[in-house]
Amino acid sequence: MESPLCTTLCKDGYRISTIEHLLSALEAMGVDNCRIEIANSEPVGDDHHVEVPIFDGSASEWVEAIEEVGLKMATDECGNSYEKMAAQVNKPIRIRKKGSFVAAFPSPKVSITCGIDFPQAPAIGSQCLSSVPFDNSYYSNQIASSRTFCIYEEVEKMYELGLIKGGGLENAIVCSSSKGWLNPPLRFHDEPCRHKVLDLIGDLSLLARFGNQGIPVAHIVVCKYIATWTLFFLRLAFGSEFHLTGYIKWYLSHAPLSGTEVAEGVTCGLGLELANVE
């Protein structure tokens, strides 16, 4: 399920919002099997809604926690390590709507190119990050610390939706349409674009199944990225049913994406095949 400003998982009246930073850190750092427990959810009527802690608006604390405890290699009964698999794009995939698009092209390794455009906020403007490699070292040093950003004039809408309940200037970088950045300095000159890459990795992690890598082996190119595109990829690839770490089943809504153009043949398996992750 995708809300206007974050990614939300839901089932049986339970909703968990702002999951993308945690999932991004897990995916980028190579964690493919873990159990996640979130306490202190506050019921609202018959609905139980909880947010994953947003900390400073980045994935840094999740990365630091993962590095602190380390990873354990999964092995079978004979002590042999399991092969890790990932979907590999074998033909171009393109989904576009108006000025936004997501594309994936065959590539021997994962890389990401991301472009954003915020004409309503000149301090952000147009930014592009090209051919970002998908490895935990680059992610932890160049992507994880990039923070959530928002337009000051849109913050009130977020509060009305019940999001960022504990949010403030310490949880995001805020840009005013007329005054520019309200809480500088930025950690990178293109921090907003880097954060979109962070979000994209988190959303694509939902492609992971049975301990496999979520993000496909491809050169992924996105422009004006929103989570809806990733959900459309997921629906086409696997239908409506997903498994999160083998413990809980989550279901995505089937809201039609009117006006969306899909490349010919995409609905026939998305042009994906499984391959070993080296």
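Residues numbered from 1 in each chain as written. Predicted model: local features only at pLDDT ≥ 70, side-chain atom pairs only at ≥ 80, totals over all residues. Heavy atoms only, no water.

### A few points about helix α2 (residues 60–69)
Among the residues making up α2, those that are buried are Ser60, Trp62, Val63 and Ile66. End-on, the buried residues of α2 take up no more than an arc of 165°, which puts them together on one face. For α2, exposure combined with an orientation more than 90 degrees from the buried face picks out Glu68 and Val69. Looking at the packing, one finds that the buried side of α2 touches α1 (20–28) and α3 (136–143). (Buried < 20%, exposed > 50% of the residue type's maximum accessible area, 1.4 Å probe, protein only. Helix = DSSP H or I, 4+ residues; strand = E, 2+ residues; numbered from the N terminus. Arc of directions from axis to C-beta. Contact = heavy atoms within 4.5 Å.)

### Some points on the nonpolar core
In terms of nonpolar packing, the biggest core is built from 52 residues, with Ile112, Ile124, Tyr139 and Ile220 touching the most fellow members. Counting residues per element, this core draws most heavily on helix α5 (residues 191–204), which supplies six residues. In this structure, Tyr139 is in contact with Ser24, Ala25, Ala28, Met29, Ala59, Val63, Ala144, Leu198 and Ile201, ignoring residues within four places of it in sequence. (Core = buried A, V, L, I, M, F, W, Y, C linked by side-chain atoms within 4.5 Å.)

### Regarding the sheet that holds strand β11 (residues 173–176)
A sheet is described by the order of its strands in space; here three strands give the open sequence β10-β11-β12, paired in mixed fashion. Edge positions in the sheet fall to β10 (149–151) and β12 (180–181), since each of these pairs with one other strand and no more. (Pairing = 2+ DSSP bridges.)

### A word on empty space enclosed by the protein
Applying the stated criterion to the full structure yields three cavities of 30 Å³ or more. Considered as a void within the structure, the second largest cavity measures approximately 50 Å³ in volume. Every residue along the wall of the second largest cavity is listed here: Ile112, Val132, Pro133, Phe134, Tyr138, Tyr139, Ile143, Val197 and Ile201. For the lining of the second largest cavity, the secondary structure elements donating two or more residues are β9 (125–133), α3 and α5. Looking at the lining of the second largest cavity element by element, the count peaks at three residues for α3. In terms of residue class, the lining of the second largest cavity is made up of nine nonpolar, no polar and no charged. (1 Å grid on protein atoms, 1.4 Å probe; cavity = no way out; pocket = protein on both sides within 12 Å on 5 of 7 lines; lining within 4 Å. Points joined across faces, edges and corners; volume = space filled by probe spheres on them. Nonpolar A, V, L, I, M, F, W, Y, C, P; charged D, E, K, R; others polar.)

### Brief notes about the confidence of the model for the chain
When pLDDT is averaged along the chain, the result is 76, and 73% of the positions lie at 70 or above. Mean pLDDT values for the elements of the chain range from 27 in strand β16 (residues 248–251) up to 96 in β12. This stretch, residues 238–274, has a pLDDT under 50; its non-local contacts, to residues over four places away or in other chains, come to 87 contacts. (pLDDT = per-residue confidence, 0-100.)

### Some details on a nonpolar patch on the surface
Together, Tyr152, Leu169 and Leu182 make up an exposed nonpolar region whose accessible area comes to about 310 Å². Tracing the sequence through the fold places Leu182 in the loop between β12 and α5. Given the relative accessible area of 37%, Leu182 is considered partly exposed. (Patch = residues over 30% accessible without salt bridge, like charges linked within 9 Å, V, L, I, M, F, W, Y side chains within 5 Å. Areas by Shrake-Rupley, 256 points an atom, 1.4 Å probe, with all protein chains shown as cover. Salt bridge = Lys/Arg side-chain N within 4 Å of Asp/Glu carboxyl O.)

### Describing the pattern of salt bridges
Applying the stated criterion to the full structure yields four salt bridges. Here Glu37 makes a salt bridge to Arg35, at a shortest N to O gap of 3.4 Å. For Asp190, the salt bridge goes to Arg194, with nearest N and O atoms at 2.6 Å. In this structure Asp190 comes out as buried when scored by relative accessible area, which is 5%. Classification of Arg194 as buried rests on a relative accessible area of 10%.

### Quick notes on the packing of α3 against α5
Here α3 crosses α5 at 135°, and the two axes come no closer than 11 Å. In this view, α3 runs oblique relative to α5, as classed from their interaxial angle. The handedness of the crossing between α3 and α5 comes out as left-handed. Taken together, the residues of α5 that come into contact with α3 (itself represented by Tyr138, Tyr139, Gln142 and Ile143) are Arg194, Val197, Leu198 and Ile201. For the contact of α3 with α5, the class distribution of residues is six nonpolar, one polar and one charged. (Axes fitted to C-alpha atoms, helices over the stretch in contact; angles between N-to-C directions. Parallel < 35°, antiparallel > 145°, perpendicular 65-115°, else oblique. Left-handed = near helix turned anticlockwise from the far one by under 90°.)

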